[in-house]
Amino acid sequence: MATLNRRTKPFSSQFQTHLQRDLGLIEDARRTCPNPGESLPSVDDQDQSDMASYMSANQELLNPIGIRPGRKGEGIFRLMYENLNGLPARISGNPKLTKIMGNIDELEVDLFGFNEHKINFLHKDNKRVSLGQMFNGGEVLSRAIGGNFKHPIAQTMGKRMEGGTGIVAYGDLASMIRSDLSGMDNTGLARWSYMTFSGRDGHLTTVVIGYNPCKPSKSYGQSSYQLQRAYFTMAKHDTCCPRRKFESDLVTLLATWRQEGRRLIVCLDANDHVYTGKLAKALTSTPQLDLQETMLTTTGTHLTATYFRGSRPIDAIWTTPDICVTNVCAMPIGYGVGDHRAFIMDISTLSMVGRNPQTIKRPTARRLNTRIPRCAETYNRILENQVRHHRIIDRLNKVHQQGGTPETIQKKLDSIDNTVAQLMHHAEKHCRKLKSGRIPFSPEAAMWIKRTLCYRALLRYWAGKIKNKGNLKRQARRCHINNPFSLSLQTIADRLAQCRARCQYFTSHGHRHRKKHLTSRLQAAQDRHDEAGEKRILQIMKGEKDRAFWRKLNWALGQRRGSSVSSVQIASPEGDITDYNTQEEVQDAIWEKIHRERYHLAEEAPICQGRLRGDFGYNASTANGDAVLNGTYLAPADIHPGTQSIFHSIAALRKHIPPNSVKQIITREEWQWAWKHKQENTSSSQSGLHFGHYIAGADSDILSDVHALKTSLALHYGIALTRWKSGLCVMLEKQPGVRLISKLRAILLMEADFNAANKILFGNRMLNQIRQYSLMPEEIFSERQRMADDGIMAKVLFYDISRQLRAPAALAITLGGQTSPSGHHTLSSALRKSLDWAHTARNSNLRPRDFHISVHRKFWPKIKYGLCANTSPLADLVSAMHRPYYWMAPIGGMIRSAKREIRYLDTGFYGLGFPHWGIESLIEAYKKFFIHFGTSSVVGVQLQMSIENLIIELGISSQPFTIPYPRYNSRATTGFCTCLWEKLDKYKLKLQLGKNVIVPPRQHDQWLMTSFELAGYTMEDCKTLNMVRLHQQVIFDSDVYNADGNTINPRYLHPREAGQKWSTLRFGKQCPPPSAFNLWRDALEHLTPGGRRRQRLGEFTHHTHVIWQWRYDPRQDIIYHMTSQGMTQYNKHNSVRRVRHSTYTLHGPVSTDISHTHLCSTNEAQLNTIVLQSHIKFTPQRKDFQHFLDVLKSWQYPRIWKSLKFTGDGSWLYEAIQTGSLTCVSDGSFLRELHPHICSAAIMFECSKSGGQLSLSFADRSLSANAFRGELLGLMAIHLILHSISIIQPTLTGQVDIYSDCMGALHTLSNLPPSRVPPKWKHADILKIITVHGQQIPFRRRFFHVKAHQDEVTDWAKLTRPSQLNCACDVAAKREIIVSSAENPPYPQLPSESLSIIVDNYKLTSDTEAVLRYVTHKAEAKSLFISQGIMSAEQFEEVAWKVTHHTLCALPKMFQLFASKQVFGISAVLGNLAKQKAYAHLGNKCPCCTTCKETTAHLLRCQEEGRVKCVNQQIHLIPFSSPEGIMTLSSPLRNR
């Protein structure tokens, strides 16, 4: 950055920094140039203020005191202090702020302190801006502290209020702030602000900026002095002088800090002499302070007047002796923006914060930023040159070639590592220059800046400071300056003045030129079809547009984050809390409580207490560890059997994994892949080699080779670099402000390359071995695609299953597992968070438009976390959102008295648009259900169990989500599934499960509870009967009937004894009273009038869950009885008499195969003798399929396989897969003009060796039918067939080549997540089927793209075989659409589809979330419109709501708000305002026609002449597309 020229003339005007520099150059040029007679431009016309005229008579005010600052050197912190004499509370159009930031950038200021900014931050117009926003450092990290009078009386005052202090830190210094030791005057008077900075050597430095008010000569009630006096008098009952109070309080505070060992820098506007005044004497003479005035101590010069009307110094900086000041200067009045001198002081970094003060830099404080392309490129170029120059790769290779002892190798590697670290720091330092960005870049602005520099360079040339004339010529030519050396000094001065004026213009208005420039570059990129450039420009435009908006929004409603702690608290067992504040105390407390206690909890385990700890040590790297792996370890005799089992399992696992199967060498490609997927903002590396170094280096092969080779050598020789051996333990607050050491989060920041090496070695390679050899379940260690609330879902479903089964259960939550949901998913937690946010929003003073954006971007993400697992009833969810929305509605622009249903109605239906907790809970729950149901994930399995339990509890249908909730909900246990069922039923949505897991097993069978309802039993009786049914473990009619399917089994007429199991399913525990069994027996008798069923049950068609204890073997005429003790045999008793039923006598225990036997019913005739009543053949369905076609037909909805054809018996498919000769080709088709809701697909399999072929074509009906869906359908069919083949031969290996002419479909399949497909994806139903079945295919799949319709341009014989097959598939797919008809089943499910949601008889396949939100809000809107009398039900259905919803959602938020008020009659018309006392005097008549009451309806129909003319003019301006449109629409509009 440019620095002040020490040879310039003194400053004389308030805004003349650059001007005076230029005048100094002109004066130097005039003394040395050939034509010295030229006049200089006048200065007087630059500023005609009173201050300029006053200072013209006091020239000493225009001279600096001390040494002017030059370029800031290394190891220096620069402080700037100034009295601002007022600062407007705005960012744009603020010349004072612009000049301040220019001075800060020019002088490279690290700390800027100021007073008398005179901003009343409690005024409503000033709440939208803060000091942090005004003094934002752009690319540089900045932290600000400051304010003004904070008491409630300030709210009644104007935007401008006397006094105020502030302090801003930039860059590295901003990252060293001790937030807990920084702040403002605790009285709320803003008499001083202070920041404290800490370093590694125990340095603690506090910088204080203060303002001592002066006593006004006249009675002025709003002066800082009078405000402070009023505060002390009324609040503290203290009538002392505010000046004396300031002096005593400040000296006491500084003395306290000094006793704590802090170093002090005090910048004051004392409003008194800084050498002889009372405050100055108190500061310098107090022994505890030992402060000294810096100007006199450093330069030996006394300060003169520092105020432009004063005659004595009233501003100064005091420091303690341990602060090393290298330079201080009191700049001329006019250099800054105020009427006081500005002070600039350079301080040694060593004395302020110690050696190497900052180990971990914040991302915003780093100079290297890989998101800036040129920055990373420059860094790589510099570092590559240095690596070549120092021969780093050759030195690393030499280390490996020479070898040696580990100590020798480590010494050499450490030396190389230190060199590389220095080179990396050097490259980062020079990779870019930090720019202020005060003038937004545009070609016009850049040209004027370059011309300014060129004209100054000309002046420097004539002044003899530039010798190279050629470079100056080229610079002038590039700036379009002709004949630069023939210009006179007067011409150069005039043009330079014009350049300065243009630069000042671009400072204020550069954004419009910047936008114009980006728009032109975007158009140029589009014209040359540069997609990458177009995307980059759009990102820049969006980022620049949103940056200021989100900065304001984050400042107003940003989440308060926990910071690193510099003081901790420890609670004793008695509850007493002890504070530790000093660095030594804090470090000792952390070491004792964290490192010695928390990190050594594992030492309490029994394995660490006995002989095993001595045998294995801490890392188990001893010979005994190897013996366990080899299976030769001899365990002690007293060891626990479970531990011995672990040893045996370890040895068995070791045999499966080959030795040295994990490589220790990291290749360049692995290193680059690892770092290209890292987040640059991650903090790490005490050495300062943060993530940005390695992310940038991943784009360079040379740098990646260096890092990978250095890391590989360390791993290969089993050594750790010295830099790797130390880390930084960071203690962070989990909850802001809570510093109990037991509530802190401890994070150990290690070196970035060490972390990467561990991730590659252990996180990738070793886990790949675990996966390869199936040593652990995937759910234990797999984190990919796992969402944070999956753990909440798992816990909630665990509780649901436990309550459904009425079984006690316990859940253990590990520290390393998923987050505990307590306090997150509960309704009370959501309500508490929403009320806190609403309170914050009330004080944010946001505009309604900004507030609505923050509701959806800030408020809702906090509330909806865990909402997917919320088990509260819908009514509770709706009532819970009333309180927060009551406070939020006025901020959003709607009166509180409006109907509260309007607040959470969608804007597309004229609502306010706040999120509806019940609807959003439904959407989130369905998303979780869709993602997991039907998969093998933990949540998926739990969902399957919970739904099965729900089906058993209801006993009415295998599709529980399609039956009426109000009628049957009392039978079910409250949980996730029942809450989802309630919301689905409320909004008339049907969730169809793909496979009926529980079905009636016999012909003419039905659900028993359905039979009771059909028999006429009331719902209350059915509830009692259901309780008995669950106790008796019954589901269907056939469960209670004998084998003959006609008579009741007597055992079901009596209560089941405890411990007896009558079903293979698990039923929840029930305790029905005796009266319930009487009703049960009456109901069963009612089902069998005359002792027989009206329609006999037929044969078994499915498995039965009933445990049949009696089996009959018709071949040998033997009966078998199965009990928990075993199986006994009954032989037929040969009777002389002829009897109706055969009798059988006990023979004894037996063990035999009974799979061929019949189910039978018996009666006990006498002891050990039974009578066979009836029997029925029972043949269980076989699950071992013989052909892949049987597998396909066994899945639900096998309709698409009707046209499946293949060569022979299909056995050639297995051989083709094994040899890799199988080619699979698919193609989809969609003919919108013929069938807009039908798409089709065709596939072909062909073996290149045997010539076998398989073909299939089918059509699918869907509202989202398109060509892409057709392509996905073909790929789905291929995967289903391949999966069916793998079921027949699970160990089949090989590969399959899959071809498609759709690049998008192939890309989608190649990047599918392993198990979870979000429902918001397009065609998620197909993608989920492919995901679930594709991951179970054991052989390899390779995807290839083939061009479409090649037969149209190329001869068939010249096409490749995949191209020919693709063309054939295209013809077959089109034929399938042509032959399809509208009579096909509407929108059926796909094969093996786990679930589908039906809305208005249509299956949702794409954009499910948006459709569900539309349908549910439409139902809410209909209810609200009818209840308010706006429309009837019939009228509501006549509205084109889809078009209306789409149009309203696309309009600006404030128009949506206006439309909502108009529709519901709550806008600010006189008819409504007159009800309020403040507006009652206005009356309720329309001010235009003065005859009718002004309502929202009247506004549209008022016949006042002016309004009628206005409406007609607007109708005339409507751009109708055709004459018919004019005739159709204009007439009704005019009539209305």
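Note: the structure precedes this text.
Residues numbered from 1 in each chain as written. Predicted model: local features only at pLDDT ≥ 70, side-chain atom pairs only at ≥ 80, totals over all residues. Heavy atoms only, no water.

Caption draft 1: Inspection of the environment of Asn764 at higher detail. Summarising the element assignment, Asn764 is placed in helix α25 (residues 752-772). Apart from residues lying up to four places away in sequence, Asn764 is in contact with Trp673 and Lys759. (Helix = DSSP H or I, 4+ residues; strand = E, 2+ residues; numbered from the N terminus. Contact = heavy atoms within 4.5 Å.)

Caption draft 2: Quick peek at the pattern of salt bridges. The tally for this structure, following the rule as stated, stands at 46 salt bridges. Put simply, Glu384 and Arg388 hold a salt bridge, and the shortest N to O gap is 3.8 Å. Here Glu384 and its partner Arg388 are both found in helix α11 (residues 373-389), four residues apart, which amounts to about one turn of the helix. When its relative accessible area of 46% is taken as the criterion, Arg388 is described as partly exposed. Lys710 is the salt-bridge partner of Asp417, the closest N and O atoms lying 3.1 Å from each other. (Salt bridge = Lys/Arg side-chain N within 4 Å of Asp/Glu carboxyl O. Buried < 20%, exposed > 50% of the residue type's maximum accessible area, 1.4 Å probe, protein only.)

Caption draft 3: Representation of the pairing of strand β13 (residues 343-348). The buried count for β13 comes to six of six residues, which makes it a mostly enclosed element. In β13, alternate side chains face the same way, and those of Phe343, Met345 and Ile347 on one face and Ile344, Asp346 and Ser348 on the other are all buried. By the bridge criterion, five bridges tie strand β12 (residues 325-330) to β13 in an arrangement that is antiparallel. Bridging across to β13, Ala330 finds its partner in Phe343. (Pairing = 2+ DSSP bridges.)

Caption draft 4: Structural context of the sheet that holds strand β18 (residues 990-993). Strand order in the open sheet formed by three strands is β18-β31-β32, with antiparallel pairing between adjacent strands. Looking at which strands have only one partner, the edges of the open sheet turn out to be β18 and β32 (1402-1403). One ladder, built from four bridges, connects β18 with strand β31 (residues 1395-1399); its direction is antiparallel. Across the sheet, the residue bridging to Leu991 is Ile1397, located in β31.

Caption draft 5: Inspection of helix α22 (residues 668-675) at higher detail. Residues of α22 that are buried include every one of Trp671, Gln672, Ala674 and Trp675, and no others. Here the buried residues of α22 occupy an arc of 160° about the axis, which is enough to place them on one side. (Arc of directions from axis to C-beta.)

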